[in-house]
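Remarks on the overall topology
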Amino acid sequence: MKFTPISLNQTRNDLAKQFKGVGAEIGVEQGVFSEIICQNPSVKKLYAIDAWKAYRGYHDHTSQTKLDRFYAISRERLAPYNCQIVRKFSLVAARDFMDASLDFVYIDANHAYQHVYEDLTVWSKKVKKGGVVSGHDYIRRKSQKQFYAVIQAVNNFVKANQIQPLTVYRSDPLPSWCFIKP
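Conventions used here
- Residues numbered from 1 in each chain as written.
- Predicted model: local features only at pLDDT ≥ 70, side-chain atom pairs only at ≥ 80, totals over all residues.
- Heavy atoms only, no water.
- Helix = DSSP H or I, 4+ residues; strand = E, 2+ residues; numbered from the N terminus.
- Contact = heavy atoms within 4.5 Å.
- Expected span 1.5 Å × (residues − 1).
- Buried < 20%, exposed > 50% of the residue type's maximum accessible area, 1.4 Å probe, protein only.
- Phe/Tyr/Trp six-rings, centres within 6.5 Å; stacked < 30°, edge-to-face > 60°.
- Pairing = 2+ DSSP bridges.
- Axes fitted to C-alpha atoms, helices over the stretch in contact; angles between N-to-C directions.

Moving on, we get to the side chain of Ser 74. Turning to its location among the elements, Ser 74 is positioned in helix H3 (residues 64-78). When residues no more than four places from it in sequence are discounted, the contact partners of Ser 74 are Val 28, Glu 29, Gln 30, Gly 31, Trp 52 and Ile 85.

Here's what the structure looks like:
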């Protein structure tokens, strides 16, 4: 199978317009993109999932004080919407969802290869056939090769599962990606 992602000259806000029904964002930080998702009238409910916890092996945020502040900001920002905040690690939170129970998922948690691949493996099972599996940071960062392996993990996952097409929303500095669950 030849693998070539489709590139769109669009942003992740354009991707959010494709979401409908019930979904989850994995990795919420301050809830900015969660709010954009919630503002889509086709989205009935969003589960905003993040541990907001500093731990060894997570290199994006290492200050627990900062993450506690992000959690408080997210709670306030998302309070007006039908959004349930879930303060758990990704794979622990996934146990709370039945397979094929979500219409979409957006993965933006730990960017290390193993974590991205695990999130894809576990969370794609939670999405219904025909639903959207997507995520953020489809980019190479030379200075952080071992920590930002999103492209490699996503590409390997779609190849291993013979998923086509993979679409990349390239108009943001940190592109998003998506595919329709077969």
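So, about helix H5 (residues 113-126). If you check H5, its first and last C-alpha atoms are 20 Å apart, about what 14 residues at 1.5 Å a residue would give, namely 20 Å. Inspection of H5 places Val 116, Asp 119, Leu 120, Trp 123, Ser 124 and Lys 126 among the buried residues, and these make up the whole buried set.

Here we take up the packing of aromatic side chains. Aromatic ring pairs are described here by two measures, namely the spacing of the ring centres and the angle between the planes. On inspection of all chains with the given rule, the structure shows 10 aromatic pairs. Judged by centre distance (4.4 Å) and plane angle (0 degrees), the rings of Phe 19 and Phe 104 are stacked. Within this pair, whereas Phe 19 is found in the loop between helix H1 (12-16) and strand S2 (21-26), its partner Phe 104 is found in strand S5 (residues 102-107), the two being separated by 85 residues in sequence. Side by side, Phe 19 and Phe 104 carry an identical accessibility label, which is buried. Relative to Phe 97, the ring of Tyr 47 has its centre 4.8 Å away and its plane inclined at 85 degrees; by these criteria the two rings are edge-to-face. Of this pair, Tyr 47 sits in strand S3 (residues 43-49) while Phe 97 sits in the loop between helix H4 (90-94) and S5, and the two are 50 residues apart along the sequence. Across the pair, Phe 97 and Tyr 47 agree in class, each one buried.

On to the sheet that holds S5, then. Spatial ordering of the open sheet is given by S1-S7-S8-S6-S5-S2-S3-S4, a layout of 8 strands whose pairing is mixed. The open sheet has two edge strands with one neighbour each: strand S1 (6-8) and strand S4 (83-86). Ignoring strand direction, the axes of neighbouring strands in this sheet form an average angle of 20 degrees. Bridging between S2 and S5 involves 4 bridges; their strand directions are parallel. Note that in S5 the partner of Glu 25 across the bridge is Tyr 106. Running over the sheet, H3 touches S3 and S4 and is turned about 165 degrees from S4. Helix-sheet contacts for H5 involve S2, S3, S5, strand S6 (127-135) and strand S8 (176-180), and the interaxial angle to S6 is about 145 degrees.

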